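This is what each chain is made of:
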Amino acid sequence: MSPCRFCEIINEPKKANEEVVFENEHFIVLLDKYRQTSIGGICLIVPKFELDEYEASEIINLISFIGKKMQEAYSARGIRVWTAINKEAGQSIFHCHIHLVPCSRFMDRLTAMIPGIYDILRRISKLNKSALNSERLFEYAEKIRIQINTN
Ligand SMILES: [Zn+2]
């Protein structure tokens, strides 16, 4: 079985990886390369191991920590947190991941609630299609990394 994209990133030798905003021994936190809201990038919290190997509090604490840093980085009024288990629920990469979506407007909330619709809009809108180029991705990631490092 070929490894998934998240496993590839987790197992990559340490090199500058612009989409990784945070890493510890149990998790990596990446920016979603394909989606954004009106104010910033969407973070994906990706466990390195099977979920049942974790204490629930470890996951909750990381969601809270990254969520706060995103709020600071993007002046976000809110963060929406969601995940999907299996295709029927909308999972597309079959390695557990939790989405943290920075929200300030109704459209941001829509992005978080109905990602399938957002993906269709992105495909038909030239503006959004080119929105997450590598400079934008770096800018979004760097804003969060700065907040994490300045504590
Ligand atoms: Zn994987």
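Please refer to the structure placed before this passage.
Residues numbered from 1 in each chain as written. Predicted model: local features only at pLDDT ≥ 70, side-chain atom pairs only at ≥ 80, totals over all residues. Heavy atoms only, no water.

**Student:** Is there a simple way to think about the packing of aromatic side chains in this case?
**Tutor:** Two measures describe an aromatic ring pair: the distance that separates the ring centres and the angle between the ring planes. This structure, assessed with the given rule, holds 4 aromatic pairs. Taking the centre distance of 5.8 Å and the plane angle of 75° together, the rings of Tyr74 and Tyr140 count as edge-to-face. Taken together, the positions of Tyr74 in helix 2 (residues 56-74) and Tyr140 in helix 6 (residues 134-150) put the pair 66 residues apart, joining distant regions of the chain. Take Tyr140: its relative accessible area is 6%, and that puts it in the buried class. Chaining the aromatic ring pairs together yields one cluster made of Phe27, Phe49 and Tyr54. (Phe/Tyr/Trp six-rings, centres within 6.5 Å; stacked < 30°, edge-to-face > 60°. Helix = DSSP H or I, 4+ residues; strand = E, 2+ residues; numbered from the N terminus. Buried < 20%, exposed > 50% of the residue type's maximum accessible area, 1.4 Å probe, protein only.)

**Student:** Looking at this model, I keep getting lost on helix 3 (residues 106-113). Mind explaining?
**Tutor:** Residues that lie three or four places apart on an α-helix share one face, since the helix turns once every 3.6 residues. Turning to helix 3, its buried residues are Asp108, Thr111 and Ala112. Seen along its axis, helix 3 keeps its buried residues to an arc of 95°; they face one direction. (Arc of directions from axis to C-beta.)

**Student:** Got a minute to help me understand the coordination of the zinc ion in this structure?
**Tutor:** Each donor-metal-donor angle in an ideal tetrahedron of four donors is 109.5 degrees, and each such angle in an ideal octahedron of six donors is either 90 or 180 degrees. Bound to the zinc ion on the protein side are Cys4 (SG), Cys7 (SG) and His95 (ND1), at distances that span 2.0 to 2.2 Å. Each donor residue of the zinc ion belongs to the same chain, and together they define the spacing C-x2-C-x87-H. Of the two residues, Cys4 sits in the segment before helix 1 (5-11) while His95 sits in the loop between strand 4 (78-82) and strand 5 (98-103), which places them 91 residues apart along the sequence. Overall, the relative accessible area of 22% leaves Cys4 in the partly exposed class. (Donors = N, O, S within 2.8 Å, 3.2 Å for Na, K, Ca; no water.)

**Student:** What's the story with unusual backbone geometry in this structure? I'm lost.
**Tutor:** Leaving glycine aside, a negative phi is the common case for residues, and trans is the common case for peptide bonds. Of note, the phi angle at Ser75 is positive, near 50°, even though the residue is not glycine. If you trace the backbone, Ser75 turns up in the loop between helix 2 and strand 4. The backbone phi angle of Asn86 is positive, close to 80°, even though this residue is not glycine. Its location among the elements puts Asn86 in the loop between strand 4 and strand 5.

**Student:** For this particular structure, what's the right way to read a nonpolar patch on the surface?
**Tutor:** Among the surface-exposed residues, Phe106, Met113 and Ile114 lie close enough to one another that they form a single nonpolar patch of about 280 Å² accessible area. Mapped onto the fold, Met113 is located in helix 3. By relative accessible area, which is 39% here, Met113 ends up partly exposed. (Patch = residues over 30% accessible without salt bridge, like charges linked within 9 Å, V, L, I, M, F, W, Y side chains within 5 Å. Areas by Shrake-Rupley, 256 points an atom, 1.4 Å probe, with all protein chains shown as cover. Salt bridge = Lys/Arg side-chain N within 4 Å of Asp/Glu carboxyl O.)

**Student:** Sorry, what's going on with the nonpolar core here?
**Tutor:** Among soluble globular proteins, nonpolar side chains are generally buried collectively. One finds Leu31, Cys43, Ile45, Ile66 and Ile144 to be the most contacted residues of the largest nonpolar core, which totals 24 residues. At the level of secondary structure, the elements contributing two or more residues to this core comprise strand 1 (20-23), strand 2 (27-36), strand 3 (41-47), helix 2, strand 5 and helix 6. Considering each element in turn, this core owes the most residues, 7 residues, to helix 2. Sequence-distant contacts of Ile66, defined by excluding residues within four places in its chain, comprise Phe22, Val29, Cys43, Ile45, Leu100 and Ile148. Listed in part, the 14 residues of the second largest apolar core include Phe6, Ile10, Ile28 and Ala84. (Core = buried A, V, L, I, M, F, W, Y, C linked by side-chain atoms within 4.5 Å. Contact = heavy atoms within 4.5 Å.)

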